[in-house]
Amino acid sequence: MDTPYPSTLTPTTAAISCGAFDPCSLATDAPLPRPKLSLEQLKQCSEALSFFEEKVKNRKAIAQEFSQLETMTAPRNDIKKECTKALGNANKNKNRYMDVLPYDNTRVILNASCESKDQGDDFINANFVTVGPTKEVS
């Protein structure tokens, strides 16, 4: 197999000698195999791609949809009442964005470790989301 590097250079040493750093060169695991999709999954992906290809052609409609989403934000008082765990002192720094918080009644609760009994150890900024009549995904 031909490589673009002289025999004395590996991809890592070539990147270093050129001044560029490739974090992938540090990986020791073999690359994961590409997932195999069923025909139904391929069909759904193709339909979604076609839908979004059409959608990006109309930037005005996208801006309009985004504006509508912004108006759907829950009122501040509702967030304070329904996201108490996320807003607690032990968990505030675990939220990447302060306007994307998990509701207390649908949040994912982590199992506490044996060593740690600290307040907030069961918190992660994640909600269970219902995707069908009987399925839940977090």
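Refer to the structure above for everything that follows.
Residues numbered from 1 in each chain as written. Predicted model: local features only at pLDDT ≥ 70, side-chain atom pairs only at ≥ 80, totals over all residues. Heavy atoms only, no water.

### Considering the overall build of the protein
Broken down by element type, the protein carries five helices and four strands. Each helix and strand of the protein, ordered N terminal to C terminal, gives the series α-α-α-α-α-β-β-β-β. Within the protein, buried positions represent 11% of all 138 residues. Counting only carbon and sulfur atoms, one obtains 57% of the accessible surface of the protein, whose full area is about 12300 Å². (Helix = DSSP H or I, 4+ residues; strand = E, 2+ residues; numbered from the N terminus. Buried < 20%, exposed > 50% of the residue type's maximum accessible area, 1.4 Å probe, protein only. Areas by Shrake-Rupley, 256 points an atom, 1.4 Å probe, with all protein chains shown as cover.)

### A few points about the pattern of salt bridges
In total, this model carries four salt bridges according to the counting rule given. Glu47 is the partner of Lys43 in a salt bridge, and the nearest nitrogen-oxygen pair spans 3.7 Å. With Lys43 and Glu47 both in helix H2 (residues 39–55) and four residues apart, this pair spans about one turn of that helix. Overall, Lys43 belongs to the partly exposed group, its relative accessible area being 45%. Glu47 sits in the partly exposed class, given a relative accessible area of 47%. A salt bridge links Lys57 to Glu54; the shortest N-O distance between them is 3.0 Å. Overall, Glu54 belongs to the partly exposed group, its relative accessible area being 49%. (Salt bridge = Lys/Arg side-chain N within 4 Å of Asp/Glu carboxyl O.)

### Brief notes about the environment of Arg76
With respect to the helices and strands, Arg76 occurs in helix H4 (residues 76–82). We classify Arg76 as exposed; its relative accessible area is 66%. Taking C-alpha positions, Arg76 is 9.7 Å from Asp99, a pair spaced 23 residues apart along the chain.

### Considering a nonpolar patch on the surface
A surface patch of nonpolar side chains, about 330 Å² in accessible area, is lined by Leu37, Leu39 and Leu42. In this structure, Leu42 sits in helix H2. With a relative accessible area of 44%, Leu42 lands in the partly exposed category. (Patch = residues over 30% accessible without salt bridge, like charges linked within 9 Å, V, L, I, M, F, W, Y side chains within 5 Å.)

### A closer look at the packing of aromatic side chains
Following the criterion strictly, the structure yields one aromatic pair and no others. Centre to centre, the rings of Phe51 and Phe52 are 5.0 Å apart; their planes meet at 80°, and the pair counts as edge-to-face. For Phe51, a relative accessible area of 47% gives the class partly exposed. Owing to a relative accessible area of 49%, Phe52 belongs among the partly exposed residues under this scheme. (Phe/Tyr/Trp six-rings, centres within 6.5 Å; stacked < 30°, edge-to-face > 60°.)

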